[in-house]
Amino acid sequence: RTLGRVLRRHNIRRDMVHINLIPLNPTGGFGSGRPSGKANVEAFVKVLEDEFSIKATPRMRRGIDIEAGCGQLKAVVKKKEEAAEQKR
């Protein structure tokens, strides 16, 4: 709802907005390390569309099997950087 309120407050035309929802892939670098469940994503899309007339599309999760999905590569790079920093 916060996103919808921000767009409304700034008078952004709803017909000019489309939200692409990119799921967080499981990584060790984020809180629970788990993406939102399908039901939560669908509920978020429903709020955007029903309450704010904002179109949203959940995207497919890709690259998980090779740890190259959204968030996974960054977590691997960050872990290597932290290990290198500790060796100094």
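Please refer to the structure higher up on the page.
Rules of the game
- Residues numbered from 1 in each chain as written.
- Predicted model: local features only at pLDDT ≥ 70, side-chain atom pairs only at ≥ 80, totals over all residues.
- Heavy atoms only, no water.
- Core = buried A, V, L, I, M, F, W, Y, C linked by side-chain atoms within 4.5 Å.
- Buried < 20%, exposed > 50% of the residue type's maximum accessible area, 1.4 Å probe, protein only.
- Helix = DSSP H or I, 4+ residues; strand = E, 2+ residues; numbered from the N terminus.
- Contact = heavy atoms within 4.5 Å.
- Salt bridge = Lys/Arg side-chain N within 4 Å of Asp/Glu carboxyl O.

**Remarks on the nonpolar core**
The nonpolar side chains of a soluble globular protein tend to be buried, and buried together.
(1) Moving on: With ten residues, the main nonpolar core is built from Leu-7, Val-17, Ile-19, Leu-21, Val-45, Val-47, Leu-48, Phe-52, Ile-54 and Ala-56.
(2) Moving on: Among the secondary structure elements, those contributing two or more residues to this core are strand S1 (18-21) and helix H2 (38-52).
(3) Moving on: If you tally residues by element for this core, the top one is H2, at four residues.
(4) Moving on: Setting aside anything within four residues of it in sequence, one finds Val-47 in contact with Arg-1 and Phe-52.

**Comments concerning the pattern of salt bridges**
(1) Moving on: Applying the stated criterion across every chain, the model contains three salt bridges.
(2) Moving on: Taking the shortest distance from any N to any O, the salt bridge between Arg-1 and Glu-51 comes out at 2.9 Å. Remark: Glu-51 occurs in helix H2 and Arg-1 occurs in the segment before helix H1 (2-9); sequence separation between them is 50 residues.
(3) Moving on: Classification of Glu-51 as partly exposed rests on a relative accessible area of 38%.
(4) Moving on: Between Asp-15 and Arg-13 there is a salt bridge, with its nearest N and O atoms 2.6 Å apart.
(5) Moving on: Using a relative accessible area of 56% as the deciding quantity, one classes Asp-15 as exposed.

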